[in-house]
Amino acid sequence: MNNFFLFVAISAVIASCSPHQETMEALIKDRLNSAVQQYELMAGSLTDQPDRLPRTIDGEGKLLTTSSSGWVSGFVPGSLWYLYQYSQKPLLLDYAKDYTARLEKEKYNRNTHDLGFMLYCSYGNGYRLTGDTAYRNILLTGAESLISRFNPAIGCIQSWNTNAKWQFPVIIDNMMNLELLFWASKESKDPKYRDICISHADTTVKNHFRPDYSSFHVVSYDTVTGKVEKKNTHQGYSDDSAWGRGQAWGLYGFTMTYRETKDAKYLEQAKRIADFILHHPNLPADGIPYWDFNAPDIPNAKRDASAGAIIASALIELSGYVDETLAKTYLETAETQIRTLSSPEYFAEKGTNGNFILKHSVGFLPGNVEVDVPLTYADYYYIEALLRYQSLKK
Ligand code: GLY
């Protein structure tokens, strides 16, 4: 063998042995195609129960469902819309319409602050993609129901109803429900929904955050004085800890609030929250947070794929609002998170995992509910992150 052929042969051996990293473009396309197949199976599995929607799986891997009033009811319809947007498959359009229609009566639900999650992920995406005016009317009725929970003296929308522990609990998650209200003001030309969003966001900035820009999960207000009565956790490790998904909701919520208002103070808030998350010594190198940044058993604590997916999606959006250096940092983290969630450790094989896409999320660890399981919102924000990354300008 002459030297040239020897060189070619050695190069070929080296190339075949060196680890090959898929491009993001190829990886995203591949995982979206798999997600389409998985969600066709998922949607097909509940066609005989028209009043139920997927929630998670039990210990034997069997699908567990929710009624339309459960806070997670809108995520599978929303994922079906996203996957229809990507694939343009008529079957997914049929499923998306079917599962969305299952939520219609919730437009009158004044018992929950989660109407934003429920209706905007389902009907909101449906309206964006089809322009169906029936969807628009349902969303506007839902927005009216949601603002019935606003208390002007406190300045917030009430999250959970009054109970033995809290007079007027507001949870950081509630920032997410504002997206429906911002939309309602744009669509109806009535500023009242947007005014409520701004009041809620400002009160949240004032009372939910610690000096390091981590957030409390629950802030409860005294209904007589309007002042803060308690700062606690419900789903986190302790009142003073940083519950993983709570930090993710805050990051996403303030990024969205900046998008809708262009008020620099919300951008600053989002950047500070991102700083807290990205520079936290307990954030693993693969980008997927533990269920709580202060879980006592780190590094053996459970990871929460849902928090990773929400943060990835938020960082991709936030990267569009900041300088080049920061944008690069945000996108590198989002890429790491997407690659981790797209690896066999998190990404389920077709037909397994109750036909959910991602494994290893944590719903409510202190209650021993939904620990290390697939969750609808992990899938929804993962798909959203893939689509957002795919649409970045090259
Ligand atoms: N919004 C409830 C949760 O994040 O678990």
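Residues numbered from 1 in each chain as written. Predicted model: local features only at pLDDT ≥ 70, side-chain atom pairs only at ≥ 80, totals over all residues. Heavy atoms only, no water.

### Side note on the site of the ligand
For the ligand, the full set of nearby residues is W71, D173, Q235, W243, R245 and W249. Between the ligand and the protein, one listed contact pairs an oxygen atom with a side-chain N or O atom of R245 at 2.6 Å. With respect to the ligand, the side chain of W249 contributes an N or O atom lying 2.9 Å from an oxygen atom. Considered on its own, the ligand offers 200 Å² of accessible surface; in the complex 94% of this is hidden by protein. Looking at the shell around the ligand residue by residue, the classes come out as three nonpolar, one polar and two charged. (Near = heavy atom within 4 Å. Polar contact = N/O pair within 3.5 Å; in protein donor to acceptor, adjacent residues only side chain to side chain. Areas by Shrake-Rupley, 256 points an atom, 1.4 Å probe, with all protein chains shown as cover. Nonpolar A, V, L, I, M, F, W, Y, C, P; charged D, E, K, R; others polar.)

### Points about unusual backbone geometry
A cis amide bond links I298 to the next residue, P299, at an omega of 15 degrees. Mapped onto the secondary structure, P299 falls in the loop between α10 (264-278) and α11 (305-319). You will see that N353, though not glycine, has its phi angle at about 65 degrees, which is positive. Looking at the element boundaries, N353 is found in the loop between α12 (324-341) and β8 (361-364). By relative accessible area, N353 is classed as buried at 13%. Positive phi is not limited to glycine here, since N368 has a value of about 55 degrees. Along the chain, N368 falls in the loop between β8 and β9 (369-373). Looking at N368, the relative accessible area reads 64%, which means it is exposed. (Helix = DSSP H or I, 4+ residues; strand = E, 2+ residues; numbered from the N terminus. Buried < 20%, exposed > 50% of the residue type's maximum accessible area, 1.4 Å probe, protein only.)

### Examining the packing of helix α9 (residues 244-261) against α11
Running from N to C, α9 and α11 point in directions that differ by 25 degrees, and their axes come no closer than 9 Å. As the angle between them shows, α9 and α11 are arranged roughly parallel. Every pair of crossing elements has a handedness; the one defined by α9 and α11 is left-handed. Along the contact surface, α9 presents G244, R245, A248, W249, L251, Y252, T255 and R259, while α11 presents S306, A307, I310, I311, S313, A314, L315, E317 and L318. The class makeup of the residues in the contact of α9 with α11 is 10 nonpolar, four polar and three charged. (Axes fitted to C-alpha atoms, helices over the stretch in contact; angles between N-to-C directions. Parallel < 35°, antiparallel > 145°, perpendicular 65-115°, else oblique. Left-handed = near helix turned anticlockwise from the far one by under 90°. Contact = heavy atoms within 4.5 Å.)

### Here we look at the packing of aromatic side chains
All told, the structure shown has 26 aromatic pairs when counted by the stated rule. Between the aromatic rings of W71 and W249, the centroid separation amounts to 6.4 Å while the plane-to-plane angle is 85 degrees, which identifies the pairing as edge-to-face. Pair noted here: W71 is in the loop between β2 (63-66) and α3 (75-87) and W249 is in helix α9, with a separation of 178 residues, a long-range link. Here the aromatic rings of F168 and Y221 are separated by 6.4 Å at their centres, their planes lie at 80 degrees, and the arrangement is edge-to-face. One end of the pair, F168, is in the loop between β4 (156-157) and β5 (169-171); the other, Y221, is in strand β6 (residues 218-221), with 53 residues separating them in the sequence. (Phe/Tyr/Trp six-rings, centres within 6.5 Å; stacked < 30°, edge-to-face > 60°.)

### Topic: helix α13 (residues 376-390)
Compared with an ideal rise of 1.5 Å per residue, which puts 15 residues at 21 Å, α13 spans 21 Å between its outermost C-alpha atoms and is within 8% of the ideal. Counted residue by residue, α13 has 14 buried out of 15 residues, so it is predominantly covered. (Expected span 1.5 Å × (residues − 1).)

### A short note on the pairing of strand β7 (residues 228-232)
Here four bridges tie β6 to β7, and the two strands are oriented antiparallel to one another. Pairing of V218 across the sheet is with N232, part of β7. If you look at the hairpin formed by β6 and β7, you'll find six residues sitting between the two strands, and G226 has a positive phi there, around 80 degrees. (Pairing = 2+ DSSP bridges.)

### Remarks on the side chain of Q337
Its location among the elements puts Q337 in helix α12. Side-chain polar atoms of Q337 contact the backbone oxygen of G287, separated by 2.9 Å. Leave out the neighbours within four places in its chain, and Q337 touches D286, G287, I288, G308, I311, A312 and L315.

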